[in-house]
2 protein chains.
Amino acid sequence: MDRKLSTTGIYRLALYNRYLNGLHRGESDYVSSQELADATGHTAAQVRKDLTCYGSLGEPSKGYKIRKLKALLARIFGKEEARNVILVGVGNLGMALLAYKGFQIQRFNIVASFDMDTKKIGKRIENVMIYHINDLDSVVADTKAQVAIVSVPASSAQEVINKLVSAGIKAILNFAPSSLIVPEGIELQNVDLSVELDRLYYLLKNPH
Amino acid sequence: MDRKLSTTGIYRLALYNRYLNGLHRGESDYVSSQELADATGHTAAQVRKDLTCYGSLGEPSKGYKIRKLKALLARIFGKEEARNVILVGVGNLGMALLAYKGFQIQRFNIVASFDMDTKKIGKRIENVMIYHINDLDSVVADTKAQVAIVSVPASSAQEVINKLVSAGIKAILNFAPSSLIVPEGIELQNVDLSVELDRLYYLLKNPH
DNA sequence: TGGTGTGAACCGATTCACAGCA
DNA sequence: TGCTGTGAATCGGTTCACACCA
């Protein structure tokens with residue numbers, strides 16, 4: 001177990017996780033690899049390959065016990081501990097993210113937010129305090145947050161990222177439309193909304 | 001030319017596109033595959049492979065002429081025409097997307113939005129009218145929009161998607177945390193913010 | 001000399017097929 | 001019988017190495 005899983009494999013695992021959480025069925029019941037495959041748009045063999053990386057908890061002719069599977073996924077994704085996240089950039093998108101209920105459902109807590117606009121500092125949005133970016137180090141230390149969401153303009157994204165890294169942040173979800181550089185060992189995940197739309201337009205114009 | 005490009009290849013192409021648009025350099029100048037590679041975090045060979053799918057417009061010992069490359073990418077991503085997009089679900093996230101300036105920069109026009117909340121209908125956010133979801137068919141026909149952004153709760157996402165498809169929408173960018181089914185020929189791109197955070201936590205807990 | 005275009009080699013992920021077990 | 005676990009085969013994308021050209 002604990003064998004390597006590809007980037008897309010992690011993505012699938014998160015999808016199985018999401019499906020199970022939305023499943024209101026007796027927790028002593030079972031799911032088959034086929035059911036998980038259908039629910040997430042993959043194949044049964046793929047699901048089994050993904051899951052056997054973490055030991056063989058499937059039972060022949062029955063499937064996977066939901067309770068066990070949920071526990072495994074919770075452990076893999078660190079849901080057992082508090083998943084404290086900070087957010088930098090309380091503009092339109094940042095505010096929407098603060099208000100997004102889905103994070104709470106998936107057990108993420110946005111514990112602090114940061115901005116440069118002095119008019120915003122000290123206010124609370126959705127009960128999350130807005131600090132000045134200069135307070136980053138102390139707040140990160142206090143909250144023990146390891147993950148940050150960046151929703152600042154592209155022009156200041158690299159600067160913000162540098163500050164986050166030196167404050168001790170280990171992983172970053174970046175919404176700024178900019179290619180950023182992080183040191184070895186720091187995880188960076190980019191979400192560029194325009195790029196996603198570009199992909200769709202590509203597919204429209206270049207049907208397969 | 002017009003050979004098949006993988007999903008991740010399209011993504012890289014969109015990144016080259018973004019880099020070139022941010023480049024304020026004489027348009028008669030050249031970029032090398034190496035420069036594009038460095039700017040987007042890939043390799044030079046990869047960049048060349050991606051670009052040669054669309055004919056050989058690189059010039060030996062010089063690189064790619066920026067103006068030509070921009071024109072090619074604009075054509076590939078349909079930027080020559082109006083890229084009219086509609087948005088369904090004017091909640092927190094929806095409003096933030098309406099206000100997001102990056103879409104205009106990348107030449108996307110959100111031409112209409114939809115909701116079910118009668119208190120919102122008829123208002124304008126960022127100069128975009130909010131219609132009732134029942135008006136979908138006529139507005140899609142009028143605006144000739146082919147792409148929709150979905151930012152409704154997971155519970156109503158499938159229903160909304162069905163309506164979009166029957167209204168003639170061809171591609172969908174979905175923010176609802178739910179696995180959705182679309183007919184053959186309709187493109188669906190999912191962005192689940194919790195799943196992205198899950199990936200980061202996976203990487204934190206399972207260092208490579 | 002410097003950078004493109006591209007076949008060949010490589011590598012990793014997905015699929016297949018089937019043994020094994022309740 | 002039904003569904004898991006898994007080696008083997010397959011498939012596709014990435015990297016390499018180098019011919020070619022201004």
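Note that the structure is a prediction, hence the values are computed from the model and not measured.

Engineer: I'm lost on helix H1 (residues 7-21) of chain B in this one. Help?
Structural biologist: Each full turn of the α-helix corresponds to 3.6 residues, which orients residues three or four apart in the same direction. For H1 of chain B, built from 15 residues, the straight-helix expectation of 21 Å at 1.5 Å per residue is met to within 8% by its first-to-last C-alpha distance of 22 Å. Restricting attention to buried positions, one finds in H1 of chain B the residues Gly9, Ile10, Arg12, Leu13, Ala14, Leu15, Tyr16, Asn17, Arg18 and Leu20 of chain B. Structurally, H1 of chain B contributes buried residues whose contacts are with helix H9 (193-205) of chain A together with strand E1 (30-31), helix H2 (33-40), helix H3 (44-52) and helix H4 (66-76) of chain B.

Engineer: Looking at this structure, I do not really get the protein's contact with DNA strand C. What am I missing?
Structural biologist: Every one of the 23 residues lining DNA strand C counts as a neighbour, but Lys49 of chain A together with Ser33, Arg48, Lys49 and Tyr64 of chain B are closest to it. Counting only atoms of DNA strand C within 4 Å of the protein, the sugar-phosphate share comes to 56%. Contact distances for DNA strand C include 3.1 Å between a phosphate oxygen and a side-chain N or O atom of Thr8 of chain A. In this structure, a base oxygen belonging to DNA strand C sits 3.0 Å away from a side-chain N or O atom of Lys49 of chain B. Elements with a contribution of two residues or more to the surface near DNA strand C: helix H1 (7-21) and helix H3 (44-52) of chain A together with H3, strand E2 (58-59) and strand E3 (63-65) of chain B. Of the residues in the surface near DNA strand C, the class split is 4 nonpolar, 12 polar and 7 charged.

Engineer: So what exactly am I meant to see when it comes to the packing of aromatic side chains here?
Structural biologist: Each aromatic ring pair is characterised by the separation of its centres together with the angle its planes make. Under the definition given, this model contains 10 aromatic pairs over all chains. With 6.3 Å between their ring centres and 55 degrees between their planes, Phe77 of chain A and Tyr202 of chain B make a pair best called tilted. Of this pair, Phe77 of chain A sits in the loop between helix H4 (66-76) and strand E4 (83-88) while Tyr202 of chain B sits in helix H9 (residues 193-205), placing the two residues on different chains. This pair shows no difference in class: Phe77 of chain A is buried, exactly as Tyr202 of chain B is. Their ring planes at 90 degrees and their centres at 6.3 Å tell us that Phe103 of chain B and Phe108 of chain B sit as a pair that is edge-to-face. For Phe108 of chain B, a relative accessible area of 1% translates into the label buried. Ring pairs connect the aromatic residues Tyr100, Phe103 and Phe108 of chain A together with Tyr201 of chain B, which therefore count as one cluster. Lying across the ring of Tyr201 of chain B, Arg83 of chain A places its NZ or CZ 5.3 Å from the centre.

Analysis parameters
Residues numbered from 1 in each chain as written. Chains lettered and ligands numbered in written order. Predicted model: local features only at pLDDT ≥ 70, side-chain atom pairs only at ≥ 80, totals over all residues. Heavy atoms only, no water. Helix = DSSP H or I, 4+ residues; strand = E, 2+ residues; numbered from the N terminus. Expected span 1.5 Å × (residues − 1). Buried < 20%, exposed > 50% of the residue type's maximum accessible area, 1.4 Å probe, protein only. Contact = heavy atoms within 4.5 Å. Near = heavy atom within 4 Å. Polar contact = N/O pair within 3.5 Å; in protein donor to acceptor, adjacent residues only side chain to side chain. Nonpolar A, V, L, I, M, F, W, Y, C, P; charged D, E, K, R; others polar. Phe/Tyr/Trp six-rings, centres within 6.5 Å; stacked < 30°, edge-to-face > 60°. Lys NZ or Arg CZ within 6 Å of the ring centre and 35° of its normal.

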